[in-house]
Amino acid sequence: MLGLAETTATLIENARWIDPTQGINRVGRILIHYGAIAAIDPNDGDLPSELQRIDASGWIGAPGLIDLGAELGEPGREEDETIAAGTMAALAGGYTSIACTANTEPPIDTAAAVEFVRQKAMRSDRCRVHVIGCVSKHRQGKELAEIGSLVDAGAVAFSDAPGPIENTALLRRALEYCSMFDRPVFDHPEVKSLAEGGIMHEGLVQLVLGLAPIPAEAEDLATSRDLRLVESTGGRLHLTNISTSGSVDLMRRAKERGLKTTCGITPANFCLTDAALRSFDSNLKLQPPLRSEDHKEACIKGLQDGTIDAITSGHRPCALEKKMQELDLAPFGASTLETTLASVITYLIRPGILNWTQAIEKLSSAPARILGVEGGSLQIGKPADVVLIDPDHRWVVQPKGMLSRSKNNYFTGTELFGCARMVWVGGVRKYIAPIQN
Amino acid sequence: MTVAHAELPDFPATWRHRHLLDLESLTAEEITTLLDWSEHMAVATDFGRRKIPVLQGKTIANVFFENSTRTRNSFSLAARRLGADTVEFASSGSSVSKGETFIDTAKTIEAMGVHAVVVRHSAPGTAFLLAGHLNCSVLNAGDGPHEHPTQGLLDILTIRQCRGKIEGLTVALVGDIAHSRTARSNIWGLKKLGAHVIVCGPATLVSRQWEKFGVEVSHNLDEILPRCDVLNLLRIQFERQSTRPFPSVHEYALLYAMTAERMRRSKPDILIMAPGPINRGVEVTPEVADGPHSVILKQVTNGIFVRMAALRLLLGVSEVNGSCLA
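Being a predicted model, the structure only gives us computed values, none of them experimental.

Engineer: How do you make sense of the overall build of chain B when you look at a structure like this?
Structural biologist: When helices and strands are counted, chain B shows eleven helices and nine strands. In terms of C-alpha radius of gyration, chain B reaches 20 Å, essentially the compact-globule figure of 20 Å for 326 residues. Seen through its principal axes, chain B has C-alpha atoms that stretch 60 × 50 × 35 Å. Within chain B, the proportion of its 326 residues that are buried is 60%. Long-range contacts, defined as pairs at least 24 residues apart, comprise 74% of the intrachain contacts of chain B with a sequence gap of at least 6. Within the structure as shown, chain B displays about 12600 Å² of accessible surface, and the carbon and sulfur contribution to it stands at 53%.

Engineer: I would appreciate a short explanation of the packing of aromatic side chains in the present structure.
Structural biologist: Aromatic rings considered in pairs are described by the distance between their centres and by the relative angle of their planes. One pass over the structure, following the stated rule, counts twelve aromatic pairs over all chains. Centroid distance Phe280 of chain A to Phe128 of chain B: 5.0 Å. Interplanar angle 40°. Geometry classified as tilted. In this pair, Phe280 of chain A sits in the loop between helix H10 (268–271) and helix H11 (293–304) while Phe128 of chain B sits in helix H4 (residues 126–133), so the two residues belong to two different chains. On the accessibility criterion, Phe280 of chain A (1% relative accessible area) is buried. Between Trp210 of chain B and Phe213 of chain B the ring centres are 5.7 Å apart and the planes differ by 55°, which places this aromatic pair in the tilted class. Aromatic rings pair up to connect Tyr347, Tyr410 and Phe411 of chain A into one cluster.

Engineer: Explain the domain arrangement of chain B to me, please; I cannot follow it from the model alone.
Structural biologist: All names here are of chain B. When the domains of chain B are assigned, the result is domain 1 (5–148 + 301–321) and domain 2 (149–295). Carbon and sulfur atoms supply 62% of the area that domain 1 and domain 2 bury against each other, a total of about 2500 Å² over both sides. Counting across the interface, domain 1 meets domain 2 through three salt bridges. Linking Asp36 and Arg160 is a salt bridge whose minimum nitrogen-to-oxygen distance equals 2.9 Å. Run the count over domain 1 and domain 2 and you get 15 residue pairs in polar contact (both at pLDDT 80 or more). Breaking the side of domain 1 that touches domain 2 down by element, the ones donating at least two residues are helix H1 (28–44), helix H2 (70–81), strand E3 (116–121), strand E4 (137–143) and helix H11 (296–320). Here the side of domain 1 that touches domain 2 gets eight residues from one element, more than from any other, and that element is H1. Looking at the side of domain 1 that touches domain 2, its residues break down into twelve nonpolar, twelve polar and ten charged.

Engineer: Is there a simple way to think about the domain arrangement of chain A in this case?
Structural biologist: The extent of an interface is frequently quoted as the accessible surface area lost upon association of the parts. Residues and elements named next belong to chain A. By domain assignment, chain A separates into domain 1 (9–61 + 382–432) and domain 2 (64–371). Look at where the C-alpha atoms of domain 1 and domain 2 centre, and you get two points 25 Å apart. Residue-level contacts link 36 residues of domain 1 with 52 residues of domain 2. Interface area, domain 1 with domain 2, both sides summed: about 3400 Å², of which 63% is carbon and sulfur. Of all residues in domain 1, Arg405, Asn408 and Tyr410 bury the most surface against domain 2, accounting for 23% of the area lost on that side.

Engineer: Is there a simple way to explain the interface of chain A and chain B in this structure?
Structural biologist: On the side of chain B, 25 residues touch chain A, which itself brings 15 residues to the contact. Both sides of the chain A and chain B interface together cover about 1700 Å² of buried area, and 68% of this is carbon and sulfur. The largest per-residue losses of area from chain A upon contact with chain B belong to Leu207, Phe280 and Glu326 of chain A, which jointly make up 36% of the total buried on that side. The interface formed by chain A and chain B holds one salt bridge in total. Across the pair Arg278 of chain A and Glu24 of chain B runs a salt bridge whose closest N-O atoms are separated by 2.7 Å. It is helix H7 (residues 204–209) of chain A that contributes the most residues to the side of chain A that touches chain B, four residues altogether. A breakdown of the residues in the side of chain A that touches chain B according to their chemical character gives nine nonpolar, two polar and four charged.

Engineer: Help me understand unusual backbone geometry in this model?
Structural biologist: Of all residues except glycine, most have a negative phi; of all peptide bonds, most are trans. Residue and element names in this part refer to chain A. Of note, the amide linkage connecting Glu74 to Pro75 takes the cis form, showing an omega dihedral of 0°. With respect to the helices and strands, Pro75 occurs in the loop between strand E6 (65–70) and helix H2 (83–92). Cis geometry marks the peptide bond from Gln287 to Pro288, where omega comes out at 0°. At Asn14, a position not held by glycine, the phi torsion is positive, near 70°. Mapping Asn14 onto the fold places it in strand E1 (residues 9–19).

Engineer: Quick question: what am I supposed to make of the side chain of Ser137 of chain B here?
Structural biologist: Within the element layout of this structure, Ser137 of chain B appears in strand E4. A distance of 2.7 Å separates a polar atom in the side chain of Ser137 of chain B from the backbone oxygen of Arg18 of chain B.

Engineer: Hey, could you run me through the sheet that holds strand E8 (residues 230–233) of chain B in this one?
Structural biologist: Strand pairs in the sheet, formed through backbone hydrogen bonds, run parallel or antiparallel to each other. All names here are of chain B. Taken together, the five strands give an open sheet; going across it, the order is E7-E6-E5-E8-E9, and neighbouring strands pair in parallel fashion. Either end of the sheet is taken by a strand with one partner, and the two such strands are strand E7 (216–218) and strand E9 (271–273). Geometrically, the sheet is characterised by an average inter-axis angle of 20° between neighbouring strands, direction not taken into account. Of the strand pairs in this sheet, strand E6 (residues 196–200) and E7 are connected by three bridges, and their pairing is parallel.

So, how was this worked out
- Each chain has its residues counted from 1, running along the sequence as written.
- Chain letters and ligand numbers both follow the written order, the letters beginning at A and the numbers at 1.
- Restriction of local features to residues with pLDDT of at least 70 applies here, the model being predicted, together with a cutoff of 80 or more for giving and counting side-chain atom pairs; totals for whole chains, interfaces and linings are based on all residues.
- Excluding hydrogens and water, the side-chain figures rest on all heavy atoms present in the structure.
- Runs of H or I in DSSP of at least four residues are treated as helices and runs of E of at least two as strands, each being numbered from the N terminus.
- Note on method: radius of gyration uses C-alpha positions; expected globular size equals 2.2 Å times residues raised to 0.38.
- Think of it in three bands: residues with accessible area under 20% of the maximum for their type are buried, residues over 50% are exposed, and the middle band is partly exposed, with areas taken using a 1.4 Å probe on protein chains only.
- Whether two residues touch is decided by their heavy atoms; if any such pair falls within 4.5 Å, the residues are in contact.
- Surface accessibility follows the Shrake-Rupley procedure with a 1.4 Å probe radius. Residue values consider only the protein chains on display as shielding.
- A pair of aromatic rings is counted whenever rings of Phe, Tyr or Trp (Trp by its six-membered ring) have centres within 6.5 Å, and the orientation is called stacked for planes under 30 degrees apart, edge-to-face for over 60 and tilted otherwise.
- Where each domain starts and ends follows an automatic or database-derived domain assignment.
- Accessible-area loss on putting two parts together, using a 1.4 Å probe and summing over both, is the definition of buried area adopted here.
- Salt bridge, as used here, is a side-chain nitrogen of Lys or Arg placed within 4 Å of a carboxyl oxygen of Asp or Glu.
- Here a polar contact means two N or O atoms within 3.5 Å. Within protein one must be a hydrogen donor candidate and the other an acceptor candidate, and residues neighboring in sequence count only if both atoms are side-chain atoms.
- Each residue receives one of three labels: charged for Asp, Glu, Lys and Arg, nonpolar for Ala, Val, Leu, Ile, Met, Phe, Trp, Tyr, Cys and Pro, and polar for the others, Gly being one of them.
- Strand pairing is assigned whenever DSSP identifies at least 2 bridges connecting the two strands.
- Working convention: axes come from line fits to C-alpha atoms, limited for helices to the stretch in contact. Angles between N-to-C directions cover 0 to 180 degrees.

Printed below as a string of structure tokens:
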């Protein structure tokens, strides 16, 4: 589909452009034409005669953000999220691509299911959607799903998330089998027998509140097991959303040994701690759980030194009626596509923990590499997936303003800095923030 | 404004809580006020022999999402001795199984015109959530393993009556600390009033982390026994344990049951308490439970006075600030 917007050229001027893949960090202009990045800092003489100019002074220009795991609810859990609403929320969050998880009902374990999601995403015509297929048939953790057929239908990675791949033999086989297709396995590291029934991080706050514990070692042990299997199989593994100092240490050492394993983290685990749960707010019931300060500090160090490759939204929307329950019964998760960028700006960039290049690397370039998809860079000739970020815009997170079907966000009522102002997907401007100035 | 009953003192000017959700967040002064008012309630009712109608026209709802006989009856009696009407709502299962969230259930009951909701639930934080959603007073009658403030108060009141003070006493809470709301309320209340608190029980149920809160941790009852002024023998919460944290009840009793033999190695004036219901032969043998050092039934009696005091103080604030119900 070649729309008018794609044939009309757009010149984005005066933005500070960040592209970690090309080492770009400078104020300049970029020309988008025929859906692609046509030129960086073109001379006036080389510009097309018909041209839309956008003044992006004070804004950051970057490759569109790419998410490594968002729940889109379809099929079967439309009360939580829909592909149309989720992809709209993604655009508002600065994402041009999201990978959707397989924990739908029924789960995405057949080629038909992959096709369904891709079709719906295409019809919604917002951001790109990459499909993560199930590792196991029916996501039951017993037999391998038909991974070859799923790859054929377009699945880019395999995971039984949000749960772990508990069966060690299955994970071993999955790593071996997926390597035939050069596709990664995503595992949520957690030893179920240690974490089962748990509500929050085991620690002093949990001791006081009397909530059932999720000990840190439940994650550490699984991370350790997973890395050992990568060593023997040579498979590609991505650990979705680590949260403990133990995991960070294990990952750091694995990388020093040259293991090709990556990991991600969600904003909750570098912004908040378990102390927040003193409010008993079910929006803070998350998986992995909010950890104590020492774990949070270790994760921040891991982000700084590159041990943690990617920042994932962890978007797991839950319908209000499900969250309006006792903490024991409320489901895990938060709707976070719309706040991930702002939380990175507020909690990592403004305090000087990460610079813009590191942040865009973790929000865009690294996720593209991990998924093995296009994007994450501003290379000339590549599809123009671009976000313009206003780093100084102050806003308070409110359910009313959210586009996701579910509004369960742990930053509700919190003031954040920064937002996506405009988003182009394949050279088409798909989003303009409803902000006057 | 209500007219204070002749035998009750003036409403304490410093009291400003509409809810009683925990003891952790109360000050020593506030806890002392609650204890003092419990004593006033005992005197004013002639130790339970007559009513004082200071809450006449008020309605108290007992909303119990978890089985309870003694606490619910204790709250009911407390409300009625103050002249209030009571509404009883009991649901053993989760309200969600009927397609209604517990918040909706509580809101429905509030809409019937109640002034206070007494809530018990198996999930920690439930009373806090209700306090955020309801306009009336909320009284926590036990939220999972988190807190049970009136139980903590009645235990502390009983100790204070028997010993005349709390400060300087050594109080051991024995048993399933991990799953005990009574333990948590006792820990905060006793610590604030200056007691030395020991938590004692199997390592799988008593975390070493309690030391970070200035609580002594022991796994050996015989070692701490000679130092204890009070033993509070907590019930093993079989229903809250997903996997059994010790090999057998027999072994538990061997290590932690208060027996006549252990009594001989205790201080001569030791107090034996239990929040009940007691598992005879598990935490305590019958001869100790029924022996001269046991104040288990005194605890039950005090429970009513503590709950009267709590209801009076919480609803007193609602009155001063303008009632929630127009």
